[in-house]
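Spelled out, the chains give:
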Amino acid sequence: MHRIEYHEEKFAYSMLIPLLAFVIIFIIVPVLGTFWISLHRDVTFFPTKPYVGFKNYLFVLTKRDFWYSVFVTVSFALISVALETLLGLSFALILNEKLKVRGILRAIVLIPWAIPTIISARTWELMYNYTYGLFNYIFTKLGIGAINWLGTPVSAFFAIVLADVWKTTPFMTLLLLAGLQAIPNDIYEAAIIDGANMFYRFRSITIPLLKPVLVVAVILRTIDALRVFDIIYVLTGGGPGGATTSISLLAFNYYNLGDYGVGSTISILTFVLVLSFTILYLKIGKFKEGLR
Amino acid sequence: MNEETLKKILLIIGATLMTVICLFPFTWMIVISFTRDATFLGSTSIKFETTIQNYITVLTEPTLHFLSYLKNSIVIATLVTLITVSISALGAYAISRIKFRGRLTIPIFVLGVSMFPQISLIGYLFKFIEKLGWINTYKALFFPYVAWTLPLALWILLSYFLQLPKDLDEAALIDGASRVQTLYKVIIPLSAPALFSTALLVFIAAFNEFMFALLFTTDYRARTVPVGIALFQGVHGEVPWGNIMAASVISTIPLVILALVFQRYIISGLTAGALKGE
């Protein structure tokens, strides 16, 4: 029996080798390698790349640009995730009702998800255009007046948030809808018999029972939002004047300048920020229990 | 007003708003792609002229290379899908069926890895790919994409394989089938829906990826659609919105059709990948 088990165990490892090889060579090693680079003064066109210990970290952590990009990234994540949770919950509640057009509505909600981020960002960029964009056309018609959407720090920030919320709400909707569908119907029926109105039912049945899914979905989306890059790269390029530069984009800019040491340092700091949320997600998501 | 009516009114308003919100940017993309002058809203006398010239330009103008981008994207995403689904099926089978040390740790570790910010790999990965001489080749994107999509694929398949009764493959094993035969003759045919939804999600993820493609490709020989569209330059230098939107529509329509036709598979895949413990 022991021989069979040993044989099986070896067989299991051999089935996992390709998967682990890809993950280790193309993800784990690069992260460790990036950490290694962050300990060096590594600038392209500079022949030597001396070991400098944590000097790059000291440099980055005392730099205003870095803390500003942390501020941009964290506020982006907070506002964006809060809005898409509210919107996603509303959408999920609508899709959970037995409507005749439910199938069509569910298909419509999937559309923003299916459009590549870059393509949706370029469409929003066009709609935000000062002189010929759709938004300013409507705003002028309504008498509100044109807004320089991508031209001022605050409006550019919210322009990015809006485009991101549009793109990511479907995913949130689908996760929350799955959570809503798992709530047994008889709880609601019992509450109706007891005379509870729909707002009371929402507050005292839906929200508490949805909470586990809600928490997992919010953490998952927060992790994603903290890594934001694509949408900002297209919409503002981090501007105006660096006002919407996220941490990932800041690191990218250093790589572009050829400064791999500082770029890697910012990348590793991003990694550390996201890692704490990842650990939270893995703990709260009860993934281990699901495997037993 | 009684509760039923109130609820009905709220639902109608909500559903209408939802439809408008979800559809208007996509609709605008289509409108502009068929417009002769994409800046028509800015001119004093608004003239809206329809045309298919933008499509013709994008598909025939050789200096735009749009068809090359599309070909690169489709070839890379297809190869990635085939390999990722095969590799993750093997792994998911081992984890769901065989007892071994690390059975619980490996999938959790892989899931954690998928949350790493892409930027945290770039510093080293760029140098590595450069050293291999892979810059501007399919290989430069294929290998990182497989690694990057494996965790999602593994978890979707894992959640499905764990639901399949173990008696099925135990019966096959007792009948003398090997583990490999059991996987191919029993598990794989039964898992067609899960394999399909995994394949769809992997394909879409690979098709949409931007950061690696931006850094590891330099021109039309390997550049993919998202990078092509992000860096789109007109023949004459100005921002050619009509062309960009036509290229966007051509690249988006197949994805939207896939999503609509196979919405059940996509929804089950997305939720299985994210909400394991629930």
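Every value quoted in this text rests on a predicted model; they were computed, and no experiment measured them. (Residues numbered from 1 in each chain as written. Chains lettered and ligands numbered in written order. Predicted model: local features only at pLDDT ≥ 70, side-chain atom pairs only at ≥ 80, totals over all residues. Heavy atoms only, no water.)

Colleague: Quick rundown of the overall build of chain A? Include the residues and the values.
Modeller: Scanning chain A from N- to C-terminus turns up 13 helices and zero strands. Computed over C-alpha atoms, the radius of gyration of chain A comes to 24 Å, more than 25% over the 19 Å expected from 2.2 N^0.38 for 292 residues, which places it beyond the range of a compact globule. Buried positions account for 54% of the 292 residues belonging to chain A. Put simply, 66% of the contacts in chain A that link residues at least 6 apart link residues at least 24 apart. Roughly 13,500 Å² of accessible area belongs to chain A as shown, and the carbon and sulfur atoms make up 69% of that amount. (Helix = DSSP H or I, 4+ residues; strand = E, 2+ residues; numbered from the N terminus. Rg over C-alpha atoms; globule rule 2.2 N^0.38 Å. Buried < 20%, exposed > 50% of the residue type's maximum accessible area, 1.4 Å probe, protein only. Contact = heavy atoms within 4.5 Å. Areas by Shrake-Rupley, 256 points an atom, 1.4 Å probe, with all protein chains shown as cover.)

Colleague: Could you give me a rundown of the overall build of chain B, with the residues and numbers involved?
Modeller: Secondary structure summary: chain B contains 13 helices and zero strands in total. Starting at the N terminus and ending at the C terminus, chain B contains elements arranged as α-α-α-α-α-α-α-α-α-α-α-α-α. Taken against the 2.2 N^0.38 rule, which gives 19 Å for 278 residues, the C-alpha radius of gyration of chain B at 23 Å runs more than 25% over that of a compact globule. Seen through its C-alpha atoms, chain B measures out along the principal axes to roughly 80 × 70 × 35 Å. Expressed as a percentage of its 278 residues, the buried residues of chain B come to 56%. Long-range pairs, those at least 24 residues apart, make up 74% of the contacts in chain B between residues at least 6 apart in sequence. Accessible surface, chain B as shown: approximately 11,800 Å² in total, 66% of it carbon and sulfur. Considering chain B, the positive charge centre built from 19 side chains and the negative charge centre built from 14 side chains are found 8 Å apart. (Lys, Arg positive; Asp, Glu negative; His and termini not counted. Charge placed at Lys NZ, Arg CZ, Asp CG, Glu CD.)

Colleague: Explain the interface of chain B and chain A to me, using residue names and the numbers behind them.
Modeller: Residue-level contacts link 106 residues of chain B with 96 residues of chain A. Between chain B and chain A lies a buried interface of about 9,600 Å² when both sides are counted; carbon and sulfur atoms form 80% of it. On the surface where chain B and chain A come into contact, there are five salt bridges. Across the pair R179 of chain B and E8 of chain A runs a salt bridge whose closest N-O atoms are separated by 2.7 Å. Scanning the region where chain B abuts chain A turns up 19 residue pairs in polar contact (both at pLDDT 80 or more). For the side of chain B that touches chain A, the leading source of residues is helix α1 (residues 3-33) of chain B, giving 18 residues. (Buried area = accessible area lost by both parts, 1.4 Å probe. Salt bridge = Lys/Arg side-chain N within 4 Å of Asp/Glu carboxyl O. Polar contact = N/O pair within 3.5 Å; in protein donor to acceptor, adjacent residues only side chain to side chain.)

Colleague: Go over the nonpolar core, please, and point to the residues and values.
Modeller: Judged by nonpolar contacts, the single largest core of 197 residues is most densely connected at L176, I266 and Y281 of chain A together with F212, F216 and I266 of chain B. Top element by residues in this core is helix α6 (residues 138-161) of chain B. It accounts for 15 residues. I266 of chain B has contacts with L110 and W113 of chain A together with L200, L201, I204, L258 and A259 of chain B, leaving out every residue within four places of it along the chain. (Core = buried A, V, L, I, M, F, W, Y, C linked by side-chain atoms within 4.5 Å.)

Colleague: Requested: an account of the packing of helix α3 (residues 64-95) of chain A against helix α4 (residues 102-114) of chain A, with residues and values cited.
Modeller: Residue and element names in this part refer to chain A. Where α3 contacts α4, the two axes come as close as 10 Å, and the packing angle between them is 155°. In this view, α3 runs roughly antiparallel relative to α4, as classed from their interaxial angle. Residues F91, I94 and L95 of α3 touch α4, and the partners they reach there are R102, L105, R106 and V109. When grouped by side-chain class, the residues that make up the contact of α3 with α4 number five nonpolar, no polar and two charged. (Axes fitted to C-alpha atoms, helices over the stretch in contact; angles between N-to-C directions. Parallel < 35°, antiparallel > 145°, perpendicular 65-115°, else oblique. Nonpolar A, V, L, I, M, F, W, Y, C, P; charged D, E, K, R; others polar.)

Colleague: Run through the confidence of the model for chain A, naming residues and quoting values.
Modeller: Averaged over all residues, the pLDDT of chain A equals 91, while 98% of them reach at least 70. Between the elements of chain A, mean pLDDT differs from a low of 77, seen in helix α13 (residues 287-291) of chain A, to a high of 96, seen in α3 of chain A. (pLDDT = per-residue confidence, 0-100.)

Colleague: Describe in detail helix α13 (residues 263-274) of chain B, supporting the description with residues and values.
Modeller: Residue and element names in this part refer to chain B. Between its terminal C-alpha atoms α13 stretches 17 Å, which fits the 16 Å expected from twelve residues at 1.5 Å a residue. Across the twelve residues that make up α13, a large majority, nine, are buried. The complete set of buried residues in α13 reads Q263, I266, I267, G269, L270, T271, A272, G273 and A274. (Expected span 1.5 Å × (residues − 1).)

Colleague: How would you sum up the side chain of N243 of chain B? Please name residues and give values.
Modeller: Looking at the secondary structure, you find N243 of chain B in helix α12 (residues 241-261). What N243 of chain B contacts, discounting residues up to four positions off in sequence, is N54, T57, V58, L64 and F232 of chain B.

Colleague: Which residues make up a nonpolar patch on the surface, and what are the values?
Modeller: Residues and elements named next belong to chain A. Together, I24, I25 and V29 line one region of the surface with nonpolar side chains, adding up to about 210 Å² of accessible area. As for its placement among the helices and strands, I25 is situated in helix α1 (residues 2-38). On the basis of relative accessible area, I25 is assigned to the partly exposed category, the value being 41%. (Patch = residues over 30% accessible without salt bridge, like charges linked within 9 Å, V, L, I, M, F, W, Y side chains within 5 Å.)

Colleague: Outline the environment of G228 of chain B, listing residues and values.
Modeller: All names here are of chain B. Its location among the elements puts G228 in helix α11 (residues 225-230). C-alpha separation for the pair G228 and L201, spaced 27 residues apart in sequence, amounts to 22 Å. In this view, G228 contacts Y69 and R223; residues no more than four positions away in its chain are not counted.

Colleague: Describe the pattern of salt bridges, naming the residues involved and giving the relevant values.
Modeller: Between side chains of opposite charge, a pair can form when the charged atoms approach closely. Summed over all chains, the structure comprises 14 salt bridges over all chains. The partner of R221 of chain A in a salt bridge is D164 of chain A, and the shortest N-O contact between them spans 3.9 Å. With R221 of chain A in helix α9 (residues 198-226) and D164 of chain A in helix α7 (residues 153-181), this pair connects stretches of sequence that are 57 residues apart. D164 of chain A matches R221 of chain A in its accessibility class, with the two residues each being buried. Here D169 of chain B and R97 of chain B are joined by a salt bridge, their closest N and O atoms 2.6 Å apart. Taken as a pair, D169 of chain B in helix α7 (residues 166-174) and R97 of chain B in helix α3 (residues 66-97) lie far apart in primary sequence, 72 residues in all. Both residues of the pair, D169 of chain B and R97 of chain B, count as buried. Ionic contacts of the salt-bridge type, sharing partners, join the residues E84, D164, R221, D224 and R227 of chain A into one network.

Colleague: Quick one: what's the story with the packing of aromatic side chains, residue by residue and with numbers?
Modeller: Tallying each qualifying case throughout the model produces 40 aromatic pairs over all chains. Consider the rings of W148 of chain B and F212 of chain B, whose centres lie 5.9 Å apart with planes at 70°: the pair is edge-to-face. Of this pair, W148 of chain B sits in helix α6 while F212 of chain B is found in helix α10 (residues 211-216), placing the two residues 64 residues apart along the sequence. Each member of the pair, W148 of chain B as well as F212 of chain B, is classed as buried. One aromatic cluster is present, built from ring pairs that chain together F22 and F26 of chain A together with Y124, F128, W134, F142 and F143 of chain B. Here R41 of chain A stacks its cationic end above the ring of F46 of chain A, 4.5 Å away from the centre of that ring. When the ring centre of Y260 of chain A is taken as origin, the NZ or CZ atom of K127 of chain B, which lies over that ring, is 4.9 Å away. (Phe/Tyr/Trp six-rings, centres within 6.5 Å; stacked < 30°, edge-to-face > 60°. Lys NZ or Arg CZ within 6 Å of the ring centre and 35° of its normal.)

Colleague: Quick one: what's the story with unusual backbone geometry, residue by residue and with numbers?
Modeller: Between G239 of chain A and P240 of chain A the backbone carries a cis peptide bond, its omega angle lying at -5°. One non-glycine residue, N136 of chain B, adopts positive backbone phi at about 65°. Tracing the sequence through the fold places N136 of chain B in the loop between α5 (119-131) and α6. What makes N136 of chain B buried here is its relative accessible area of 12%.

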